[in-house]
Amino acid sequence: IKALSLLGFLALILSGCGKENLTALVPKGYGAEVSMDLIILTTVVMLVVFAVVMAIFIFVLIRFRKKKGQEDFIPKQVEGNHTLETVWTVIPILLLIIIAIPTVLATFDLADETEASDSINIDVTGYQFWWHFDYQGEDFQTSQDIYIPVGEKVYFNMLSSDVIHYFWVPSLSGKLDVNPENENTFYIEAYEEGVYWGKCAEFCGPSHSLMDFKVIVVSKEEYEQWVADMKNVDPDEEPESAVAVEGKELFQENNCMGCHAIGSSPVQTGPNLTNFGNRETLAGVEDLDKDTLVKWLLDPEEIKPGNKMTDNYPALNKEDAEKIAEYLLQLKHTDITSESAEN
Ligand code: CUA
């Protein structure tokens, strides 16, 4: 029973405690499936080695135990045995070959950079502690949430603007370093529509563990609709509610636009806020609702320690923060949301 509850506990940890599709053990994309095959292969090899070693160990313990009436008995000592030495050298070499061949083949397979001319390319930039996504050839940018179509190879070209980050969507793909200078490319091919939780997997500062993002996999038609909507964002559009209009003015007066863009813009000091109201989460980790957003606007350091907003932040009162929150939450630039993926 102890072993079972330990297994259950481990399964809970590995499944990411309820975060959507945050497990490498239930692959839903090509890269994750290839990785899972390797995990199974190496685990089986490891278990066989463990079983054989334990069997020999237990046999020796029993066979050469001290028996009654054998005071000071020492079994026959053996020194040097060519057959044995050959066996325990050759077996590990064979095991390593069995593991190495599929691993190397998978590595080259997943590192495929031969993009078809019509494939989707997304430039990823890692920042402390958020993600910027620029859809090549489409002239728009997003942050935190990436939309991709199901069943297609989508290429990610990754660079960091500061320190080394690590791009990982456990259910969809293997991991890849996001370096400040050397661009790394890999692709994701998702088998099923849905929301997939992504993590930064390289320690990068105080909020490393909060540097989350989402990959939202939708049908091809929904993806095309989403792209069309994202290209048509009018950053100056007047909000419908009077409070949100006030919020928009405060947003401009407090110079939030100095760091955050709405719609296509080269500005990327802070996350691009296009379609912010449809985000899955606030700052990658908190449920997106008004109370949490106000809390964030009043004290971002409390939610994400070490983020840049804390340093450059105007002191807001609660009333103004609520108006700005109202404005930001109505920034919904498309009908395609994570719910489209779940239907
Ligand atoms: Cu970025 Cu850890």
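Report follows, based on the coordinates. Every value quoted in this text rests on a predicted model; they were computed, and no experiment measured them. (Residues numbered from 1 in each chain as written. Predicted model: local features only at pLDDT ≥ 70, side-chain atom pairs only at ≥ 80, totals over all residues. Heavy atoms only, no water.)

### Focus on the environment of glutamate 33
1) Next: With respect to the helices, strands and loops of the structure, glutamate 33 is situated in helix H2 (residues 30–63).
2) Next: Take glutamate 33: its relative accessible area is 34%, and that puts it in the partly exposed class.
3) Next: Setting aside anything within four residues of it in sequence, one finds glutamate 33 in contact with Pro27 and Tyr191.
4) Next: Among the polar contacts listed, one links the side chain of glutamate 33 to the side chain of tyrosine 191, at a separation of 2.9 Å. (Helix = DSSP H or I, 4+ residues; strand = E, 2+ residues; numbered from the N terminus. Buried < 20%, exposed > 50% of the residue type's maximum accessible area, 1.4 Å probe, protein only. Contact = heavy atoms within 4.5 Å. Polar contact = N/O pair within 3.5 Å; in protein donor to acceptor, adjacent residues only side chain to side chain.)

### Examining the sheet that holds strand S6 (residues 165–168)
1) Next: If you trace the five strands from one edge of the open sheet to the other, you get S4-S10-S9-S6-S7, paired in mixed fashion. Across the chains shown, the open sheet's two edge strands, defined by having one partner strand only, are strand S4 (145–149) and strand S7 (175–178). Strand-to-strand twist in this sheet, taken as the mean axis angle between neighbours without regard to direction, amounts to 25°.
2) Next: Bridge count between S4 and strand S10 (residues 213–218): five bridges; the pairing is parallel. Residue pairing for S10: tyrosine 147 is matched across the bridge by isoleucine 216.
3) Next: Against the sheet, helix H4 (residues 220–231) touches S4 and S10, its axis set at about 135° to S4. (Pairing = 2+ DSSP bridges. Axes fitted to C-alpha atoms, helices over the stretch in contact; angles between N-to-C directions.)

### Focus: the environment of tyrosine 223
1) Next: Following the sequence through the fold, tyrosine 223 ends up in helix H4.
2) Next: Residues tyrosine 223 and isoleucine 336, 113 residues apart in the sequence, show an inter-C-alpha distance of 7.9 Å.
3) Next: Those residues within four positions of tyrosine 223 in sequence are excluded, and the remaining contacts are Ile120, Tyr135, Tyr147, Ile148, Pro149 and Val218.

### A look at unusual backbone geometry
1) Next: Cis geometry is found at the peptide bond from glutamine 128 to phenylalanine 129, where omega equals 10°.
2) Next: Inspection of the secondary structure puts phenylalanine 129 in the loop between strand S1 (120–127) and strand S2 (130–135).
3) Next: One non-glycine residue, glutamine 144, lies in the positive phi region at around 70°.
4) Next: Positionally, glutamine 144 belongs in the loop between strand S3 (140–143) and S4.
5) Next: According to the relative accessible area criterion, glutamine 144 is buried, its value standing at 4%.
6) Next: The residue asparagine 255 is not glycine, and still its phi comes out positive at about 60°.
7) Next: With respect to the element layout, asparagine 255 can be found in the loop between helix H5 (242–253) and strand S11 (281–282).
8) Next: What makes asparagine 255 exposed here is its relative accessible area of 55%.

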